[in-house]
Amino acid sequence: GLRGIGDDWGYYSVSISDCFARVDMEADLSSKSYLTGCGLIGSYEPRGTITNCYSGGNSYRGLSSRSSSMTVKGSYYDKELVVVENGTGTAKTTAEMKTKATYEGWDFDTVWGISSTINDGYPFLRQFYPDFKEDAVLTTAPVAVADLVYTGEPLVLITAGVAEGGEVLYALSADGEFSAELPTATYPGDYAVYYKVVGDDNHNSLPIAGPIIATINKAAGVISFAESSMSKTYGDADFTNTLTNTGDGTVTYTSNNENIATVNSETGLVTIMGAPGDATITATVTDGTNYAYATTTATFTIGVNTAAITVSAEGFTGTYDGASHTITVTVSEPEGTTVKYGTTADEYALDAAPTYTDAGEYTIYYQVTKANYTTVENSAVVSILKAAASISYETTAVSKTFGDEAFINALTMTGDGTVTYSSDNMNVAIVNSETGEVTIKGAGTATIKATVVDGTNYTYATKTAQYTMTVETAAPQYYTLTYVVDGVVYQTFSIKEGKEITPLDSLTKEGYTFSGWSEIPATMPASDVTITGTFTINTYTLTYTVDGVVYNTAAVTYGAEITPLEAPVKEGYTFSGWSEIPATMPASDVTITGTFTLVNGLTEVEADAVQVNTYTLEGAKVQTPRRNGVYVRGGHRILVK
């Protein structure tokens, strides 16, 4: 920096203008030298003026000390290079210090210059660089014109740039021919615009800049069908629905139901393929060169109706003759139809019309179908009336004796009616309602009647035929009543038919249960009777108890051999043995008892004099004593020491 002439503390008066300092100053922070370690003037308290100057070196504070009485005008220091941000001058960042616009009011035409290649980008004095020219300045940069849309005419792509000290030129490529005329384009797309500033005699040119991307958007295209829906009938000719296409997009056509209608993908010509049903024809457009479609599809609906089938049917009416009869269905048009039949409405599973032989009225349903034609469903009737028939008895009076076998009086019958038989006096005779077989029940007179109901194919003007039978009495009859027990005859009785039967009492047998007699009639029928009964062997409980507590139980059948259980063992005790046990199981429950007795050495008498047991005083049996104590041996107390 600068230092004036003055006393030891540097008091002086000075006027400085159009100067700069880019030296590094050092200050001893332990002394007052830090007061003078300033960027431009190294004095404690200088006086005077500083005009259009700057400091761009490392220092303790700004242009001069904080105690300075200097008047500072249009002067700056790099605040990124000072220790404390005070002192005189205006603080700026390094970037601001290297920007021409920071130095308001400075003469950059004759006195000062600024360039990134000189003085590290800080301002410099032109007198030291006589050949220096400043760069031209782009004050307004060109930008892309927004929202450009294709019109078919050339469109200006960017706004004009403005430069000081030169002219802005433009080109559509970095190595193309640059011109002052703003570039244009006609068709949609992205365009890269480059620009440069060509300096005048006193300014340098600026390098090529860009690209600026300008976009021309496609114009809006629209497609639509003339008709939104159409109705057709199967067999109609091919057709088209006029499509309006505003734009240059490519259109393709599709059908969502080709079973109903197909469409030529390029021309939109529609062909009816089937019925009934609907098909949606869709025109799909892809963006063209110059047009884009917000809605890329247009549709219309075709409703295709089926064609008609002409058909007639003839039924049958007549009397039962044993032959088969049916209906006849005739289809006039079209050819190739399918006829199906059924015996209930809405069910057509038969390939041929059903035939009927039996009398009755039969409705036959038929269905005529062909693809794309309206199905015909209807019915016709086969009516077969019943033929006439009759019944009669050849013998109208029959004589019998009580006890005679059952018999049948032959019935003459034509047709297929169902006959039932009845007797007006069931005390004399009963008759099987289905077969007409008569069973004699007593003496007297009875009328047997045959009644017929119409059959499937025949009807009866007279529906009954009958005969009279007379039964004479016969001698009484006896039959045998037999009682059988377990397959062996127990008793037999000869009892007159119709006499009341008094059953025998139930039987008893030790160790067995009697089942009771089988069913016994109240009176003796006209046949032998067998009454049966059986005995079932019983099971009883065998219980072992020891000292009053159940030790073991077993279920044993009556008369079975009993094998006693082994005697139980308990240390220090003797078992008394079981109480009396029967050899075989009686006809009742049996309880066997036994007890344990605590062994007492003073009372036990040993049969073997050689081997004498030894016991504790509590009665516990031990081997030869090895521990000190009192024991009992052979009825005598012994002391072991």
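Being a predicted model, the structure only gives us computed values, none of them experimental.

Rules used throughout
The residue count restarts for each chain, going from 1 along the sequence in the order it is written. Thresholds applied to this predicted model are a pLDDT of at least 70 for local features of residues and 80 or more for the giving and counting of side-chain atom pairs; totals over whole chains, interfaces and linings are not thresholded and use all residues. Derived side-chain values reflect all non-hydrogen atoms in the structure, with water molecules and hydrogen atoms excluded from consideration. Starting at the N terminus, helices and strands are each numbered in turn, a helix being any DSSP run of H or I of at least four residues and a strand any DSSP run of E of at least two. Only protein chains enter the accessibility calculation, which uses a 1.4 Å probe. A residue is then buried if its area is under 20% of the maximum for its type, exposed if over 50%, and partly exposed in between. Whether two residues are in contact is decided by their heavy atoms, any of which lying within 4.5 Å being enough. Pairing between strands requires that DSSP locate at least two bridges from one strand to the other. Think of a polar contact as two N or O atoms within 3.5 Å of one another; within protein, one of them needs to be a possible hydrogen donor and the other a possible acceptor, and neighboring residues in sequence only count if both atoms come from side chains. Using only the protein atoms, space was sampled on a 1 Å grid; points where a 1.4 Å probe fits but cannot get out form cavities, open sets with protein on both sides within 12 Å along at least five of seven lines form pockets, and lining residues are those with an atom within 4 Å of a point. Grid points are joined across faces, edges and corners, and a volume is the space filled by probe spheres set on the points. Three categories are distinguished: nonpolar for Ala, Val, Leu, Ile, Met, Phe, Trp, Tyr, Cys and Pro, charged for Asp, Glu, Lys and Arg, and polar for the others, with Gly belonging to the last. Within this document, salt bridges are pairs made up of a side-chain nitrogen of Lys or Arg and a carboxyl oxygen of Asp or Glu, the two lying within 4 Å of each other. Each residue gets a pLDDT score, which is the predictor's confidence in that residue and runs from 0 to 100. Whenever a helix is involved, its axis is fitted only over the stretch in contact; in every case the axis is a line through C-alpha atoms, and angles between N-to-C directions fall within 0 to 180 degrees. Cysteine sulfur atoms that come within 2.5 Å of each other are treated as a disulfide pair.

A. Here's a closer look at the overall build of the chain. Check the secondary structure of the chain and you find one helix and 58 strands. The burial tally for the chain puts 34% of its 641 residues in the buried class. By sequence separation, contacts in the chain at least 24 residues apart represent 51% of the contacts at least 6 residues apart.

B. Local environment of the sheet that holds strand β15 (residues 166-171). On the basis of which strands lie adjacent, the open sheet formed by four strands has the order β12-β19-β17-β15 and mixed pairing. Sheet topology places β12 (148-149) and β15 at the edges, where each strand pairs with a single neighbour. The pairing of β12 with strand β19 (residues 206-217) spans two bridges and is parallel. Residue pairing in the sheet places V149 in a bridge with N217 of β19.

C. Spotlight on the side chain of N52. Relative to the elements of secondary structure, N52 occurs in the loop between β3 (47-51) and β4 (54-55). For N52, the side chain forms a polar contact with the side chain of W106, separated by 3.2 Å. In this structure, N52 is in contact with S17, D18, C19, K73, G74, S75, G105, W106 and W112, ignoring residues within four places of it in sequence.

D. Local environment of the layout of surface pockets. If you add up the space inside the largest pocket, you get close to 300 Å³. Residue lining of the largest pocket: 14 residues in total, with K100, I114, D135, A136 and V137 positioned closest to the centre. Counting only elements with at least two residues in the lining of the largest pocket, the list comes to β10 (134-135) and β11 (137-140). Its residues placed into classes, the lining of the largest pocket shows six nonpolar, four polar and four charged. Here the second largest pocket defines a volume of roughly 240 Å³. Lining of the second largest pocket is provided by F402, G403, D404, T439, I440, K441, A475, Q477, Y479, E497 and A526. For the lining of the second largest pocket, the per-class residue count stands at five nonpolar, three polar and three charged.

E. Quick look at the pattern of salt bridges. Taken as a whole and judged by the stated rule, the model has five salt bridges. Where K100 meets E134, a salt bridge forms, and the shortest distance between an N and an O atom there is 2.7 Å. A residue pair is termed long-range when its members are at least 10 positions apart, and K100 in the loop between α1 (94-97) and β8 (112-113) and E134 in strand β10 qualify at 34 residues. A residue is classified by how much of its surface remains accessible, and K100, at 33% relative accessible area, is partly exposed. Of the charged contacts, one joins D454 and K463 as a salt bridge, the two residues approaching to 3.1 Å between their closest N and O atoms. Exposure remark for D454: the relative accessible area of 30% places this residue in the partly exposed category. On the basis of relative accessibility, which here comes to 33%, the residue K463 falls in the partly exposed class. Here the salt bridges share partners, and the residues they tie into one network are K100, R126 and E134.

F. Layout of the confidence of the model for the chain. Overall, the prediction assigns the chain a mean pLDDT of 89, with 90% of residues at 70 or greater. No element of the chain has a lower mean pLDDT than strand β58 (residues 636-640), which averages 65, and none a higher one than strand β13 (residues 155-156), which averages 98. Overall, residues 3-10 carries pLDDT values under 50, and its contacts beyond four positions in sequence, including any with other chains, amount to 15 contacts. For residues 601-610, every residue scores under 50 in pLDDT, and the model assigns this stretch 13 contacts once sequence neighbours within four places are set aside.

G. Seen up close, the sheet that holds strand β21 (residues 229-233). Sheet architecture is open: four strands sit in the order β21-β28-β26-β23, paired in mixed fashion. Each of the sheet's edge strands pairs with one partner strand only, and the pair in question is β21 and β23 (250-255). Neighbour-to-neighbour, the strand axes of the sheet open up by a mean angle of 20 degrees, direction not taken into account. In this structure, β23 lies alongside strand β26 (residues 277-286), joined through six bridges in antiparallel fashion. For V251, the partnering residue across the bridge sits in β26 and is V285.

H. Looking closely at the state of the cysteines. Per the stated rule, a full pass over the model turns up zero disulfides. The thiol sulfur of C19 is not disulfide-bonded, and the nearest other cysteine sulfur, from C53, lies at 4.8 Å.

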